[in-house]
Each structure stands twice: as structure tokens, then as C-alpha cells.
Amino acid sequence: MKRFAELLLNLILTSSRNDKIDHIVNWIKDSNSEEIGWGLSIICEELEISKVKPSMVKEISKLHIDKYLFDLSYDYVGDMAETVSLIWPEKNDNNANFSSVTLTNVIKDLINVQKKEAPELISNYLDNFDQNTRWAFLKIITGGLRVGVSSRLAKTAISKYFNKNIKDIEELWHAFDPPYKEIIEWCREIIEKPKVKDKPIFRSPMLANPLEENDYKLINPISYLAEWKWDGIRVQLVSMKNEVKLYSRSGDDISNSFPDIIENSFSQDFCLDGELMAGSIKIPGSFNDLQQRLNRKNPSKDLIRNMPTFIVAYDALYIKGQDIRDKSVIDRRELLKAFILEEKLSFIKFSDEVVFKNFKDLEGKRLQCRQDLNYEGLMLKLRNSTYEPGRPKGPWFKFKRDPYSIDVVLLYAQRGHGKRSSFYSDYTFGVWNGYLKNRELVTVGKAYSGFTDQELLKLDKFIRANTTNRFGPVREVEKTLVLEVAFDDIQKSKRHKSGLAMRFPRIKRIRWDKPANEADTIENLERLLNVRN
Amino acid sequence: MKVDWIKKTKEGIQVKDGSFFVDPIYPVKKAIITHGHADHARAGHEHVIATLETLEIMKERYGSNFCKKSTELKYHEKLIIEEVEIFLAPAGHVLGSAQVVMNFANQVITVSGDYKRQDDPTCAAFEPIKSDIFITEATFALPVFKHPNANTQINLLIKSIQNFPERCHVIGVYSLGKAQRLIKMLRNNGWHNTIYLHGSLVKICNLYEKFGIDLGDLEPATIQDKPEKPHDFYKGKLILAPPSALADRWSRRFPDPILGMASGWMTVKQRAKQRGINLPLILSDHADWNEILTTIKEVSPKEVWITHGAEEALIYECSKNNLTAKALSIIGYESDTDL
């Protein structure tokens with residue numbers, strides 16, 4: 001347990017992805033199979049302890065610690081597990097036996113304890129652990145680890161240590177419950193790869209490459225089929241023996257967030273690949289709408305009613321008891337289309353083929369995407385290609401609509417994070433509003449990417465030399481530098497003074513040459529907004 | 001308890017209708033200064049009374065004209081101003097730090113300044129003085145703050161340097177007190193390698209050495225004078241810098257630095273994470289919750305006044321023990337910055 005607590009501490013204090021992987025790998029080396037399994041289930045936030053609730057931690061603390069002092073402390077620290085771990089009265093005779101308590105002991109105790117004995121169990125552990133171990137122990141109960149590790153990163157660490165393919169690990173993952181005994185034993189080559197035929201597993205998705213100019217010559221309607229690239233989030237919907245799961249593109253189980261999708265019943269087993277959209281098939285919503293539903297673990301009935309979701313399905317991996325990933329995309333889509341018809345599902349739309357005559361015609365279709373909020377561009381798929389996990393070059397291309405671009409003026413800058421932590425790399429910018437003397441710059445967005453390391457150094461230098469004001473970590477600068485900013489979409493928003501917000505703005509070019517008074521106006525941006533709606 | 005000869009004004013703690021002040025925020029005619037940190041020791045007073053060490057620190061920071069007249073007062077040496085009998089007692093905070101003990105009309109009032117109770121090989125240890133009113137700081141007056149024994153933190157640092165010979169350690173330390181304490185404790189724990197200093201730490205380290213505190217081999221953390229590859233040179237080395245330099249590009253010149261910070265605030269993990277700290281060292285120049293409570297017990301005052309910090313919790317705790325406590329809320333003493 002102490003070793004696992006050390007791992008969590010190391011993870012929270014490291015921002016580099018590779019260092020995090022190294023920390024996990026080192027911990028795996030020091031742990032046995034069962035501990036590895038439990039630990040990963042905690043890191044991936046997949047361990048459910050039903051008998052010990054987070055509220056219990058608070059109640060127990062208040063038995064041992066003055067309530068008023070506790071509240072002041074919690075208010076200061078801002079995290080329940082950390083507050084309790086710090087404030088818990090230290091016993092000088094920390095029981096030496098407890099330094100050998102394993103993570104497995106702790107989890108088993110938490111799972112098996114009777115509800116009325118839980119407070120005593122928790123107190124006993126807290127009395128005998130050191131501060132960092134208390135913190136990790138309480139985090140297991142309260143959840144919300146906040147150590148900056150995604151489940152994908154955790155799986156990457158396992159694949160690295162055991163030298164297994166991450167796709168295999170992802171496929172097996174959701175077929176087993178913590179502590180994933182079968183997966184770890186297979187990793188250790190104690191057992192053969194387990195069969196997971198009857199489980200609603202996640203299958204690694206096939207990804208597309210952006211279509212570049214060199215690829216244009218490949219594209220013709222005989223070899224490639226085209227579909228709209230819908231602007232939602234990529235999901236995999238699986239039903240196996242009446243167990244239904246919805247996975248994100250990275251293999252996170254997001255079923256709980258979308259009861260409107262998974263609480264449907266299906267008469268057959270399947271695994272389909274598609275885009276989750278807000279709204280209904282008749283009136284699809286924008287990506288902005290969908291954001292109201294993302295990352296909500298238990299959405300209210302009202303929210304579901306006001307902002308329903310549906311799936312645009314474009315591929316099938318498993319249908320009628322058969323893995324069909326070896327069939328061509330044309331055959332898979334035929335099976336998918338028939339399946340949707342048979343099941344008469346109101347929340348699944350088949351992604352229709354977009355017919356085109358030649359590449360020029362296709363480019364025309366791509367321009368149409370600008371007028372429609374729901375299309376991010378086109379997908380192009382080689383008609384006879386099989387479903388290959390990963391990002392093979394050639395069979396699938398994404399042909400995105402061009403980003404918009406405008407010239408803005410740099411207004412504020414802030415230091416970045418991670419490897420950019422010492423440089424001013426977060427930029428808030430604005431456009432002109434009003435006329436003549438009343439003209440002023442209003443903020444429209446913030447960008448922190450798109451520039452090269454060389455450009456970053458120059459921008460950093462400009463900001464330091466032209467600071468006019470400071471607000472905590474934020475520097476206001478001389479309003480003279482014009483940036484060309486590219487972005488994918490524009491929406492109404494209350495976040496910025498301009499009443500507009502851009503989607504994924506990034507710095508395209510630094511216009512050292514352009515005077516600030518020639519930057520874009522808010523009217524130009526509003527015109528774009530009107531075209532879109 | 002009725003007290004009419006000492007009160008809080010906008011300048012800070014005023015004694016005998018302005019005859020003198022303790023650690024005033026604004027320039028005054030006569031000031032007694034508890035210690036050299038910039039928020040307590042400000043420039044521009046006419047007459048400054050303090051320990052020799054504090055006077056030297058002020059001179060180093062503000063130049064020799066930092067006041068018109070200065071009076072050195074040794075610990076326990078008596079001085080009388082307007083019938084108030086005054087002496088200084090060690091506060092254990094930084095070199096030369098002192099409590100101001102004042103006796104008038106049979107009332108003893110002690111201003112603690114900033115203080116701590118843990119061992120510090122670079123300054124004299126705190127002495128509790130029985131007083132009727134104890135005017136204390138409360139920077140870490142919350143029960144979540146329990147500073148571990150400082151030696152454990154020094155050993156964490158030594159271990160980390162040994163574990164990562166390919167990287168360098170850049171540790172954020174306040175330039176007066178924290179830097180020298182960290183260095184001296186490393187030496188006392190048997191770590192004698194050269195330590196490299198950010199420019200802003202050099203002067204005060206020299207001053208400590210002048211007062212007989214041997215800090216071992218120190219060198220400026222420059223890159224221009226290093227042979228060809230400063231990156232290789234600094235592998236496995238320890239560099240100390242003020243906290244503000246950690247987030248700045250200054251620290252980027254070193255090879256894959258592990259960023260550390262020596263501060264009581266490092267108790268809170270999310271706080272360390274926010275600042276991008278990889279190696280938090282809980283090393284504080286201030287008393288933690290239990291030290292404050294112990295100190296109050298030893299001083300056994302009839303009333304506790306609190307200058308700055310987390311007053312609410314301390315007032316509450318005092319009143320639980322039937323002790324009157326009140327907040328002076330002096331604005332200008334930093335309690336939540338880079339200390």
C-alpha cells in the first residue's frame with residue numbers, strides 16, 4: 001500500500017508523459033499481479049467500492065477532529081482526501097505491522113466490510129498509516145484521483161513493461177473486472193490469451209490520415225467511397241448477450257453518461273462504430289450542444305430530454321455472432337445498413353454515401369461543409385479495405401473543410417504548462433469593435449498552439465519587452481502585434497467580451513509586418529457566424 | 001485586560017502614542033525591527049533599532065543609507081524608551097531575528113515577529129518569555145500544517161540528487177534564511193558538494209558567512225564561464241534560486257531540471273502540482289499549528305493578539321481554552337506568497 005501511495009505521489013508531481021509511464025512501470029516491477037490489477041483499476045477510475053461511501057470519510061473525521069477547524073482546513077486545502085490525511089491526529093506509535101499491509105489487503109477490506117463496521121475499519125487504517133499513505137487510501141474511497149493519468153496512458157505503461165500490443169490490452173480490458181487477473185496473467189505469459197467472445201469488449205478503432213496534396217490523385221469514385229465527416233465524438237456501441245456498452249475512441253467506458261443510448265434493448269449482438277451527436281436524427285445539434293452532455297456521469301432526466309443524443313453509424317465490426325473486420329468496408333456497411341433496418345432503431349442513423357463524379361466534384365462537396373454545422377468535412381474509404389486497428393496509411397482519409405482565418409491583435413499573455421512552463425505561450429487576442437474614435441479591441445479567443453519553438457521564443461521576447469500591465473500571472477501587452485489565427489468554427493458565447501467564441505483557434509502566422517489597425521473587425525467575424533447559421 | 005500604551009495603527013504596532021513602532025509598514029521616526037525580511041524591515045525609517053545581524057541585512061538590501069540613525073541591540077540587552085523597558089529575545093526565524101519584549105506599567109507585552117520552534121543551525125533558538133499579552137504571527141495556524149522534522153526533508157533532497165545523476169535539481173528558496181538553512185543542514189547531514197546559487201542569493205549567503213556560519217563551497221550558477229556545454233556541467237548538481245526564478249525561463253538553461261521548492265506551503269500536494277513542483281520539501285521558517293499552540297502555552301499570556309495569517313482558527317482554538325484572542329489583521333505582512 002505504501003508503495004502504491006508513493007506511485008500516486010510521483011504521478012501527481014510529474015507533468016511529463018514519459019516520466020509518468022516510467023513511474024508506473026517501476027511500480028509494476030515492485031508489485032505482484034493482484035496489486036497491479038487493483039492499482040490500475042484505481043488509476044483508470046474503474047474500481048467501485050459500494051459499501052464505503054465518500055461521505056463516510058467526512059463523518060468519521062468529524063468524530064475525531066473539531067468540526068469548525070475541519071471546515072476551515074477543508075476550505076483552505078480544497079480536497080477532502082488530502083484535508084483528512086493531513087489533519088488526522090498522528091499517532092507516534094504507527095503500527096509497524098501496517099507498513100507491510102498490501103494494496104490487495106486494503107481493497108479486499110473495503111469491498112468486504114459490513115457497512116456498520118466500515119467507520120472503525122477506516123479509522124484503524126488512518127491511525128496506522130503515514131500521511132502520504134493516508135492520502136492514497138482516502139483517494140481510493142473518494143475517487144477523483146487527479147494525478148493526470150488517463151486510462152490509455154496506464155495501458156500504455158503495461159504494454160511497455162510486458163511488451164504486449166496495446167490494442168490487445170484494450171480489447172481484453174473491458175471483458176474482465178478488477179483486478180483483471182486473466183489480463184495480467186496473460187501479460188506474464190502464465191496463461192494463453194483469454195477468449196472474450198461473449199463480452200461487450202472495446203475493439204481498437206481504425207483511424208484516418210489527413211488527405212494531403214500528394215494523395216489527391218488516388219481519389220476516384222471507383223476506388224473510394226465518400227461520407228460526411230460528422231462533427232461529434234467517435235464512439236463504439238457494443239451489445240453482447242444483452243450487455244450494452246458505449247466506449248469513447250480511447251477505450252473509456254462512457255456508458256453511464258448516456259443512458260438514453262445504452263438503455264435500449266437489442267435483439268442481437270453487435271459492435272458498431274460511429275459518431276455520437278447531440279439532438280435528433282431530424283434536427284441534429286452542433287458540437288457545442290454535445291458538450292453539455294460530455295463528462296456528465298449521471299445526467300438528469302431534464303438534461304437528457306432537452307439535449308438528447310443519437311449515433312451516426314458508419315461501420316460495423318461485429319454482427320450476428322461474427323467478427324466482420326476482415327470483410328471489405330462495402331460489405332460491412334451493407335450488413336450494418338440491414339442491421340439498422342431490422343432493429344428499427346430511432347437513435348441510430350446510417351451514414352449515407354456521398355456520391356461524387358471526380359475529385360473536383362468532391363472538392364465542391366467539401367466547400368459545402370462550410371454551410372452546414374454538422375459536417376466537419378468528408379471521409380474517404382478504400383472500397384475493398386478491411387478494418388485495421390490503428391492508423392494505416394491509405395485505406396481511410398479525412399478531408400476536412402479548410403479552417404477559417406482572421407487577423408487579430410495580441411492583448412494578453414500567460415505562461416504555459418509542461419515543457420512550455422517558463423514561456424509566455426498562452427495568448428488572448430481581440431478584434432476591433434466600433435468606429436473611428438470609439439474603436440476598441442475586444443477579446444475573442446485564446447490560443448496556445450500552432451507556432452514553432454523558434455516563433456515561441458520571439459513571441460516570449462516580444463511580450464517581456466512590451467508588457468504594459470500585470471494582473472497576477474497575466475501580462476497585458478502593447479497592442480501592436482497582429483497574429484493570423486486559424487479556427488474550425490465560431491459560436492455565440494458569453495465567455496469573451498465580443499460575445500463570440502472560436503473552436504480550436506491556433507496561431508497560423510505571426511504578422512510582424514502588419515499594423516494593428518489593419519486587423520479584422522468584429523463585423524467580419526459576425527458575418528461568418530451568420531453564414532453558418 | 002486594559003492596555004492603553006500599545007495599539008494597532010495603519011503603520012502597524014504603535015507604542016506610547018507613536019514614540020516608536022514595531023515592524024512598521026510605512027516610514028516612521030523610530031522603529032524596532034524584528035528581522036530582515038522585506039515585509040517587516042522596510043526602508044525609510046529615521047531611526048532603526050535591531051540586532052546587529054538585522055541591521056547588516058537591511059544595509060545589504062537597501063544600501064548604507066537605509067536610515068538616518070541605527071542602534072544595535074543585543075539579545076537581552078535592556079533599552080528604555082519613554083519609560084518602556086525593552087529587550088530583544090531570539091525568535092528562531094532567520095539570522096538575527098528577534099522578539100520584542102516590552103514592559104510598562106507592570107504589563108509585559110511580547111511581539112513575536114515571525115518565529116519557528118524547529119532546530120535551525122543558522123540562528124539562535126526561540127526563547128519563550130512569560131508575557132501578559134503575546135502578539136503572535138499565524139501564517140500556518142491551521143491543523144493541516146504539521147511540518148515534519150526538517151532533517152527528513154533534507155534527506156529527501158539528498159536521496160533525489162543521488163537517484164537522478166543525469167538531471168540537475170533546481171530548488172526554490174527564499175533568499176534570506178531559507179537558502180542558508182537548507183545549505184547548512186545539507187552540510188550537517190554530510191553533503192559537501194559545491195552548491196550553485198542564483199545571483200540574488202549570493203549577497204545574503206556571504207553575509208551569513210561573515211557572521212561565522214560556514215556554508216561550504218558555493219558558486220554562482222552561471223553558464224557563460226562554464227566549459228563548452230553547461231548542460232553537461234550541471235548534471236547531478238544542486239542549484240538554489242528564488243521561487244520566482246523556477247517558473248521563469250532562467251531555470252530552462254539547466255539539463256532536464258527537477259524543480260523543487262522548500263516551503264511550508266508544500267504540505268498541500270495540489271498546491272505543489274499547480275506550481276509545477278516535482279520535489280516539494282516541507283521546510284518552513286514559521287511555526288506550524290502545534291508549535292504555535294505550544295508556544296502560547298509556554299508564554300502563558302492573558303491575551304493573544306494575532307498580527308497576520310490564518311487568524312480564525314487560532315482565535316477559535318484560544319477561546320476554546322478560555323483565552324482571549326483577537327486579530328490585528330496587519331495588511332502588508334506577506335503570509336501567502338513565496339515564503
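None of the values given here were measured: they were computed from a predicted structure.

**Student:** I keep staring at the overall build of chain B and nothing clicks. Help me out?
**Tutor:** Tallying secondary structure elements over chain B gives nine helices and 19 strands in all. Against the globule reference of 20 Å for 339 residues, chain B gives a C-alpha radius of gyration of 21 Å, in line with a compact fold. Reported as C-alpha extents along the three principal axes, the dimensions of chain B are approximately 70 × 45 × 30 Å. By the burial criterion, 49% of the 339 residues in chain B qualify as buried. Residue pairs at least 24 apart in sequence account for 58% of intrachain contacts in chain B once pairs closer than 6 positions are excluded.

**Student:** Explanation requested: the overall build of chain A in the structure shown.
**Tutor:** Looking only at helices and strands, chain A has 19 helices and 20 strands in total. For the C-alpha atoms alone, the extent of chain A along its principal axes is close to 75 × 65 × 45 Å. Contacts in chain A between residues at least 24 apart in sequence constitute 69% of all its contacts with a sequence separation of at least 6.

**Student:** What am I meant to see in the sheet that holds strand β19 (residues 324–327) of chain B here?
**Tutor:** Two pairing modes exist for strands in a sheet, parallel and antiparallel, and in both the strands are linked by backbone hydrogen bonds. Residue and element names in this part refer to chain B. The mixed open sheet is built from seven strands, whose spatial order is β7-β8-β9-β10-β11-β18-β19. Here the strands that pair on one side only, and so sit at the sheet edges, are β7 (79–81) and β19. Between one strand axis and the next, the sheet turns by 25° as a mean value, whatever way the strands run. Judged from the three bridges that link them, strand β10 (residues 107–111) and strand β11 (residues 133–138) form a sheet pairing that is parallel. Looking at β11, one finds that isoleucine 109 is bridged to isoleucine 133. Across the sheet, helix α8 (residues 289–299) is in contact with β10, β11 and β18 (303–309); its angle to β11 comes to roughly 170°. With respect to the sheet, helix α9 (residues 311–320) is in contact with β11, β18 and β19, its orientation differing from that of β19 by roughly 165°.

**Student:** Could you clarify how one ought to interpret the interface of chain B and chain A in this entry?
**Tutor:** Interface extent is often summarised as the accessible area lost during association of the parts. Each partner contributes residues to the interface: chain B has 21 residues there, and chain A has 21 residues. In terms of residue count, the dominant contributor to the side of chain B that touches chain A is helix α7 (residues 269–274) of chain B (four residues).

**Student:** How should the sheet that holds strand β10 (residues 375–382) of chain A be read in this particular structure?
**Tutor:** All names here are of chain A. Taking strand neighbours across the sheet as the criterion, the five strands line up as β1-β11-β10-β2-β9 in an open arrangement whose pairing is mixed. Of all the strands in the sheet, the pair left with one neighbour each is β1 (209–210) and β9 (353–354). Examined bridge by bridge, β10 and strand β11 (residues 396–400) share five bridges and lie antiparallel to one another. If you follow glycine 377 over to β11, its bridge partner there is lysine 400. Relative to the sheet, helix α17 (residues 359–368) contacts β2 (224–230), β9, β10 and β11, its axis offset from that of β10 by approximately 150°.

**Student:** For this particular structure, what's the right way to read unusual backbone geometry?
**Tutor:** Most peptide bonds are trans, and most residues other than glycine sit at a negative phi. Residue proline 179 of chain A follows proline 178 of chain A across a cis peptide bond; omega there is 5°. Tracing the backbone shows proline 179 of chain A in the loop between α11 (166–173) and α12 (181–187). Unusually for a residue other than glycine, phenylalanine 504 of chain A sits at a positive phi of about 45°. Mapped onto the fold, phenylalanine 504 of chain A is located in the loop between β19 (500–503) and β20 (506–511). Taking the number of C-beta atoms within 10 Å as the measure of exposure, phenylalanine 504 of chain A has 13 and is therefore partly exposed. Unusually for a residue other than glycine, alanine 105 of chain B sits at a positive phi of about 50°.

**Student:** Hey, could you run me through the pairing of strand β15 (residues 238–241) of chain B in this one?
**Tutor:** Two faces belong to every sheet, and in a regular strand the side chains alternate between them. Residue and element names in this part refer to chain B. Alternating positions in β15 separate into two faces, Leu238 and Leu240 on one and Ile239 and Ala241 on the other, with burial throughout. Relative to β15, strand β12 (residues 169–172) is paired through four bridges, and the arrangement is parallel. Residue pairing in the sheet places glycine 172 in a bridge with alanine 241 of β15. Bridge count for strand β13 (residues 195–197) against β15 is three bridges, and the pairing is parallel. Its bridge partner lying in β15, isoleucine 195 is registered against leucine 238.

**Student:** Just to check I follow, could you spell out the domain arrangement of chain B for this structure?
**Tutor:** Residue and element names in this part refer to chain B. Here the domain parsing of chain B yields domain 1 (6–144 + 286–327) and domain 2 (150–281). Facing the 17 residues of domain 1 at the interface are 16 residues of domain 2. Here the side of domain 1 that touches domain 2 is composed, by residue class, of six nonpolar, six polar and five charged.

**Student:** What am I meant to see in the environment of phenylalanine 20 of chain B here?
**Tutor:** All names here are of chain B. Relative to the assigned elements, phenylalanine 20 resides in strand β3 (residues 20–22). When the 23 C-beta atoms within 10 Å are taken as the criterion, phenylalanine 20 is described as buried. Each residue touching phenylalanine 20, except ones within four places of it in the same chain, is listed here: Val15, Lys30, Ala31, Ile32 and Ile81.

**Student:** Teacher, can you tell me more about the packing of helix α6 (residues 80–87) of chain A against helix α9 (residues 131–142) of chain A here?
**Tutor:** Between two packed helices, both the angle of their axes relative to each other and the distance between the axes serve to describe the pair. Residue and element names in this part refer to chain A. Here α6 crosses α9 at 145°, and the two axes come no closer than 8 Å. In this structure, the crossing between α6 and α9 has a hand that is right-handed. Within the contact between the two elements, α6 uses Met80, Ala81, Glu82, Val84, Ser85 and Leu86 and α9 uses Gln131, Arg134, Trp135, Leu138, Lys139 and Thr142.

**Student:** Can you walk me through the confidence of the model for chain B in this structure?
**Tutor:** Note: predicted coordinates in regions of low pLDDT should not be interpreted at a detailed level. For chain B, mean pLDDT is 93; residues scoring 70 or higher make up 98% of the total. Taken as a whole, residues 335–339 of chain B scores under 50 in pLDDT and shows ten contacts with residues more than four places along the chain or in a different chain.

**Student:** Would you explain helix α3 (residues 178–188) of chain B in this entry?
**Tutor:** In an α-helix, one full turn covers 3.6 residues, which means residues spaced three or four apart are oriented alike. Residues and elements named next belong to chain B. Here α3 lies mainly inside the structure; nine of its eleven residues are buried. Residues Lys178, Ala179, Gln180, Arg181, Leu182, Ile183, Lys184, Met185 and Leu186 constitute the buried set of α3. Packing partners of the buried residues in α3 comprise α2 (150–163), β13, α4 (199–210), β15 and β16 (258–262).

**Student:** Whenever I open this one, the pairing of strand β16 (residues 474–477) of chain A confuses me. Can you help?
**Tutor:** When strand β12 (residues 404–415) of chain A meets β16 of chain A, the two strands line up antiparallel, connected through two bridges. Paired with tyrosine 412 of chain A across the bridge in β16 of chain A is glutamate 476 of chain A.

**Student:** Is there a simple way to explain α9 of chain A in this structure?
**Tutor:** All names here are of chain A. Taking 1.5 Å per residue as the helical rise, α9 with its twelve residues ought to reach 16 Å, and the 16 Å between its terminal C-alpha atoms agrees with that figure. Most of α9 sits out of view: ten of its twelve residues are buried. Looking at α9, one finds that the buried residues are Thr133, Arg134, Trp135, Ala136, Phe137, Leu138, Lys139, Ile140, Ile141 and Thr142. With its phi angle positive at about 70°, glycine 143 sits one or two positions after the end of α9.

**Student:** What is the right way to look at the environment of tryptophan 305 of chain B in this model?
**Tutor:** Residue and element names in this part refer to chain B. Within the secondary structure, tryptophan 305 sits in strand β18. Tryptophan 305 sits in the buried class, given 22 other C-beta atoms within 10 Å. Sequence-wise, tryptophan 305 and alanine 138 are 167 residues apart; in three dimensions their C-alpha atoms are separated by 9.9 Å. Look past the residues within four positions of tryptophan 305 in its chain and what remains in contact with it is Ile133, Ile135, Lys326 and Leu328.

Quick notes on the rules
- Residues numbered from 1 in each chain as written.
- Chains lettered and ligands numbered in written order.
- Predicted model: local features only at pLDDT ≥ 70, side-chain atom pairs only at ≥ 80, totals over all residues.
- Helix = DSSP H or I, 4+ residues; strand = E, 2+ residues; numbered from the N terminus.
- Rg over C-alpha atoms; globule rule 2.2 N^0.38 Å.
- Buried ≥ 20, exposed ≤ 12 C-beta atoms within 10 Å, placed from the backbone.
- Contact = placed C-beta atoms within 7 Å.
- Pairing = 2+ DSSP bridges.
- Axes fitted to C-alpha atoms, helices over the stretch in contact; angles between N-to-C directions.
- Domains from an automatic or database assignment.
- Nonpolar A, V, L, I, M, F, W, Y, C, P; charged D, E, K, R; others polar.
- Left-handed = near helix turned anticlockwise from the far one by under 90°.
- pLDDT = per-residue confidence, 0-100.
- Expected span 1.5 Å × (residues − 1).

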